[in-house]
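Secondary and tertiary structure notes
The chain contents come next:
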Amino acid sequence: MAGTTALPLQELIASLDITCLPKILQVCSGVYFQGSIYEISGSEVCFSTGDLIKVIGFELLSVCCEDISNNVKFELPINHTGLFKVVPEDMPYSTIEEMVSLRPVGLESCLPFTFTNHSKMTFDNFTLGAGRALTVLSIQRREGEEDQVRCLIKGQQEASAEVCIPLSSRGEFHECESEELFTLQEIMSSSCLRSRKFRFINTTKCDQPLVLSPIYQVHAIMSLRKNVLKFPSSLEVDVVDVTDLCMDVSFVTPLSLTEVLSQPDESFPAVVEVLEGPESRSLFKCNWLPELSKREHLIFHRKGTSPMILISSLKSRKTQQYFLVSQQYGGRFRRRPREFNSVYELYVASIQSAGLRVSVTRNYEEDEEEGLPSLSVGDQLEVLTCERVELPCGSGEGPKQSVEALLCRCLQELDDEDDDDEEVKQEDQKEEIFLPLYMQGHFVEILTDNKKYRLRDLGKQFKLPLDVKVVSRDTELETDPLVGFSCLRIEGAMLEPTIQASFPHMPNHCFEIPTQWLSMSVHFTKDPLPWPSEQPPTCHLDTVTEVTDTFICEFRKQGNSDAVPPPRPPKRNLSFPKSSKKSSRPSKKSSSKPDKHKHRLDKSVPTKELGDLNLNTKKRPPAPPPPPILDDQPPPVATRKHPEAEMTTGKAQPNTYVKMEGSTKKVLLSDVTADVESDHDYEIMDDTLAAMMKQAQESVLFY
């Protein structure tokens with residue numbers, strides 16, 4: 001900055017011509033705490049010493065008015081409707097040309113104006129005395145002659161005369177207060193008027209002379225700033241013009257991935273530098289994500305929109321995994337039967353795929369009051385439609401409740417004894433039952449399809465969700481993470497704006513960056529591409545990217561925000577007793593079943609006596625109250641027994657789990673005392689038991 005002069009930002013901006021932009025300015029003073037921070041219209045602008053600012057434009061924002069008597073400043077908007085008068089200068093003009101040059105551009109529109117001459121003047125044969133007032137009417141410009149001003153001189157008794165005075169005439173001229181009025185926009189549009197002092201016509205605002213200075217909204221760019229900065233020129237910083245010294249300086253503009261998508265196609269491929277890496281709470285689990293750190297270089301090959309498929313592994317002992325798979329995945333899939341844990345899941349699946357057929361995998365008993373039919377393992381059902389049905393009341397009294405139920409057709413029965421009866425089988429195939437949507441159940445889909453599909457074909461022929469299994473891996477991938485799962489579920493499909501990228505050391509190993517799910521900033525560099533000109537490498541694309549649970553939550557928020565929850569079971573009417581289960585199936589639409597089905601259902605119905613059992617029917621009697629405690633008497637003391645007496649009366653507790661015919665003597669557990677002071681630890685044999693053993697030995701000897 002040697003040889004340059006620092007100026008206040010407001011003064012320098014006011015001196016610039018908009019046609020000479022752009023200009024590069026450098027901050028040299030007016031910095032506080034290593035940076036001047038200004039909060040302007042909700043955006044923070046920070047300037048530090050040495051910062052380079054590239055001014056690309058400015059527009060008039062407001063006008064700063066300074067009272068020269070007390071240095072008080074205030075701002076007026078540019079559309080202020082007040083009018084101003086020019087305050088005559090106290091210093092005299094030495095020539096008429098100097099006085100005329102300070103008039104605004106378009107002098108003819110500002111005429112006439114009046115000035116006084118304080119010295120005697122002679123023009124050819126005409127002499128003008130001192131103190132006379134002259135009113136300038138026009139300026140006469142003749143080719144080959146000196147320019148002159150045509151002035152009107154008022155004499156005595158309202159006599160007047162016109163005289164032409166050369167602009168080069170010298171003297172002591174003082175400007176008189178003019179009756180001309182100007183708006184703020186007129187004053188700011190003339191560089192001559194901006195240097196003059198003005199006074200409000202309405203003296204109630206301010207009757208002192210004012211200096212008017214423009215305040216511009218400056219448009220500039222700075223290095224590592226994403227957007228164009230907008231700040232007023234009234235910031236209290238000093239700057240210098242270094243345009244000639246910094247012509248080769250490049251200003252780095254950070255771009256988000258979304259902004260990269262808006263770049264023209266001619267900008268690709270290009271080498272970019274990472275200015276700000278992805279956030280720590282990432283949505284992806286992949287090997288290329290940790291390498292997207294600050295100052296790392298990438299190659300952006302192309303931009304576009306890629307069809308992406310969200311695939312998840314089924315819940316098991318291991319952690320459930322999720323994958324974002326490109327439609328270019330080269331593996332083959334085979335459909336897998338889906339499992340359903342409720343009738344409502346059957347209903348949702350039947351909406352997406354008509355003619356859904358399932359097989360029951362768990363037995364369910366009939367409940368007439370709840371409207372639940374009986375189901376057996378192996379029963380095959382075809383989902384038809386969803387209807388509203390009325391539930392029967394338990395005792396036949398009270399209002400009936402209407403619920404939504406799934407109408408299903410029973411395809412076959414698993415009764416082996418009636419397999420030969422063809423007419424019964426035909427009737428069984430026509431049987432229809434209602435399954436309430438709130439019913440819990442376990443079903444598995446019946447599939448007859450054994451074909452192999454590509455990922456793009458599955459999306460065209462079937463509706464999601466869909467259970468599949470990889471039967472042939474993608475040969476383009478070194479390790480296919482989808483191989484090895486017994487079952488995968490295709491959750492959904494989406495069109496994602498992506499950027500195909502790679503690292504400079506492996507330009508042919510490409511991956512796709514979903515721009516809507518990854519937040520980072522980059523800037524385009526001028527570094528050359530790491531391959532010969534017009535010979536791009538053949539790219540191998542990673543088509544499978546593992547995602548985290550956070551990604552799944554955000555994905556489901558976007559797709560299932562208006563999902564309806566499953567229906568709740570109807571409320572039970574507690575005023576009526578619950579009816580016992582019946583052997584008939586009232587939920588069938590057509591009941592043409594033989595009695596063998598009723599006989600099969602009766603086996604699973606409990607008896608009335610068993611149903612009436614209750615653990616609380618017989619209550620335990622309350623415990624007896626404790627004996628009264630007499631405070632005036634000491635507690636009783638047990639008498640000490642003699643050791644010999646204890647040994648003679650001590651008996652072992654008999655085996656209460658074996659019934660002995662010869663023992664008719666009942667002994668209470670409290671009457672049996674253990675021989676604790678005996679020197680052996682075995683039990684003493686009872687006389688009855690000894691007699692029985694002796695009799696058994698004699699019987700053995702007899703045989």
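Please read all numbers here as calculations on a predicted model, not as lab measurements.

When helices and strands are counted, the chain shows 13 helices and 38 strands. Within the chain, residue pairs in contact and separated by at least 24 positions form 70% of the contacts whose partners lie at least 6 positions apart.

Our focus in this paragraph is the environment of serine 223. Residue position: serine 223 is located in the loop between β17 (210-221) and β18 (229-232). Taking C-alpha positions, serine 223 is 4.5 Å from phenylalanine 251, a pair spaced 28 residues apart along the chain. Not counting residues up to four positions away in its chain, the partners in contact with serine 223 are Phe251 and Val252.

Moving on, we get to the pattern of salt bridges. In total, this model carries 13 salt bridges according to the counting rule given. Of the charged contacts in the structure, one is a salt bridge between aspartate 147 and arginine 141, with a shortest N-O distance of 3.7 Å. On the basis of relative accessibility, which here comes to 58%, the residue arginine 141 falls in the exposed class. Among the ionic pairs, arginine 388 bridges to glutamate 404, the shortest N-O distance being 3.6 Å. Of the two residues, arginine 388 sits in strand β28 (residues 380-391) while glutamate 404 sits in strand β29 (residues 401-412), which places them 16 residues apart along the sequence. Classification of arginine 388 by relative accessible area gives exposed; the value is 53%. Taken together, the shared-partner salt bridges in this structure form one network comprising Arg335, Arg338 and Glu445.

Residues of the chain with pLDDT of at least 70 account for 70%, and the chain-wide mean is 76. Element-level mean pLDDT values for the chain span from 39 in helix α11 (residues 608-612) up to 93 in strand β24 (residues 322-326). Across residues 574-620, where pLDDT falls below 50, the model places 61 contacts with residues more than four positions away in sequence or in other chains.

Turning next to the nonpolar core. Formed by 32 residues in total, the largest nonpolar core has its most connected members in Phe284, Trp288, Phe300, Leu518 and Phe551. Every element with two or more residues in this core is listed here: α5 (257-261), β21 (270-276), β23 (297-313), β24, β34 (488-503), β35 (506-514) and α9 (549-559). Non-local contacts of phenylalanine 284, meaning those with residues more than four positions away in its chain, are made with Leu289, Leu324, Pro514, Trp517, Leu518, Thr545, Glu546, Val547, Thr548 and Phe551. Listed in part, the 20 residues of the second largest apolar core include Leu9, Ile13, Tyr216 and Val237.

A full pass over the atoms with the stated rule returns 14 aromatic pairs. Ring geometry for phenylalanine 115 and phenylalanine 173: centres 5.7 Å apart, planes at 75°, overall edge-to-face. Residue phenylalanine 115 is located in strand β9 (residues 113-117), and its partner phenylalanine 173 is located in strand β15 (residues 170-175); the two are separated by 58 residues in the primary sequence. An identical accessibility class is assigned to phenylalanine 115 and phenylalanine 173; each is buried. Arranged with centres 5.8 Å apart and planes meeting at 50°, the rings of phenylalanine 284 and phenylalanine 551 form a pair that is tilted.

As for its placement among the helices and strands, glutamine 217 is situated in strand β17. According to the relative accessible area criterion, glutamine 217 is buried, its value standing at 14%. With sequence-adjacent residues up to four places away left out, glutamine 217 is seen in contact with Gly57, Phe58, Glu59, Leu61, Lys230, Phe231 and Pro232.

As a further point, take the pairing of strand β36 (residues 521-524). Note: strand β20 (residues 255-256) against β36, 2 bridges, orientation antiparallel. Bridge pairing in β36 links leucine 255 to valine 522. Summarising the sheet, β21 and β36 pair through 4 bridges and their orientation is antiparallel. The residue of β36 that forms the bridge with valine 274 is valine 522.

Among the surface-exposed residues, Leu83, Leu181 and Ile201 lie close enough to one another that they form a single nonpolar patch of about 220 Å² accessible area. The topology assignment puts leucine 181 in the loop between β15 and α3 (184-188). Judged by its relative accessible area of 39%, leucine 181 falls in the partly exposed class.

With that settled, the discussion passes to the pairing of strand β38 (residues 544-547). Because side chains alternate across β38, one face comprises the buried residues Val544 and Glu546, and the other comprises Thr545 and Val547, equally buried. Where strand β22 (residues 284-285) lies against β38, 2 bridges are found, and the strand directions are antiparallel. Across the sheet, residue lysine 285 finds its bridge partner in β38, namely glutamate 546. Pairing of β24 with β38, which is carried by 4 bridges, proceeds in the antiparallel orientation. Bridge pairing in β38 places tyrosine 322 opposite valine 547.

Turning to the sheet that holds β9, a few remarks are in order. The 6 strands are arranged β8-β15-β9-β12-β13-β14 in an open sheet whose pairing can be described as antiparallel. The open sheet is flanked by β8 (93-95) and β14 (160-166), the only strands paired with a single partner. With strand direction ignored, the average angle separating the axes of adjacent strands in the sheet is 40°. Pairing between strand β13 (residues 148-154) and β14: 7 bridges, direction antiparallel. Its bridge partner lying in β14, isoleucine 153 is registered against alanine 161.

Position of isoleucine 139 among the secondary structure elements: in strand β12 (residues 132-140). Owing to a relative accessible area of 10%, isoleucine 139 belongs among the buried residues under this scheme. Sequence separation of isoleucine 139 and arginine 150 is 11 residues, and the distance between their C-alpha atoms is 6.1 Å.

Our next topic: the environment of proline 264. The topology assignment puts proline 264 in the loop between α5 and β21. You can call proline 264 partly exposed: its relative accessible area is 42%. Considered as a pair, proline 264 and lysine 303 are 39 residues apart in the sequence and their alpha carbons are 9.6 Å apart.

Attention now goes to unusual backbone geometry. Between leucine 21 and proline 22 the backbone carries a cis peptide bond, its omega angle lying at 5°. Even without being a glycine, asparagine 71 presents a positive backbone phi close to 60°. Residue position: asparagine 71 is located in the loop between β5 (52-67) and β6 (72-77). On the basis of relative accessible area, asparagine 71 is assigned to the exposed category, the value being 55%. The residue glutamate 534 is not glycine, and still its phi comes out positive at about 60°. With respect to the helices, strands and loops of the structure, glutamate 534 is situated in the loop between β36 and β37 (540-542).

The rules we used
- Residues numbered from 1 in each chain as written.
- Predicted model: local features only at pLDDT ≥ 70, side-chain atom pairs only at ≥ 80, totals over all residues.
- Heavy atoms only, no water.
- Helix = DSSP H or I, 4+ residues; strand = E, 2+ residues; numbered from the N terminus.
- Contact = heavy atoms within 4.5 Å.
- Salt bridge = Lys/Arg side-chain N within 4 Å of Asp/Glu carboxyl O.
- Buried < 20%, exposed > 50% of the residue type's maximum accessible area, 1.4 Å probe, protein only.
- pLDDT = per-residue confidence, 0-100.
- Core = buried A, V, L, I, M, F, W, Y, C linked by side-chain atoms within 4.5 Å.
- Phe/Tyr/Trp six-rings, centres within 6.5 Å; stacked < 30°, edge-to-face > 60°.
- Pairing = 2+ DSSP bridges.
- Patch = residues over 30% accessible without salt bridge, like charges linked within 9 Å, V, L, I, M, F, W, Y side chains within 5 Å.
- Areas by Shrake-Rupley, 256 points an atom, 1.4 Å probe, with all protein chains shown as cover.
- Axes fitted to C-alpha atoms, helices over the stretch in contact; angles between N-to-C directions.

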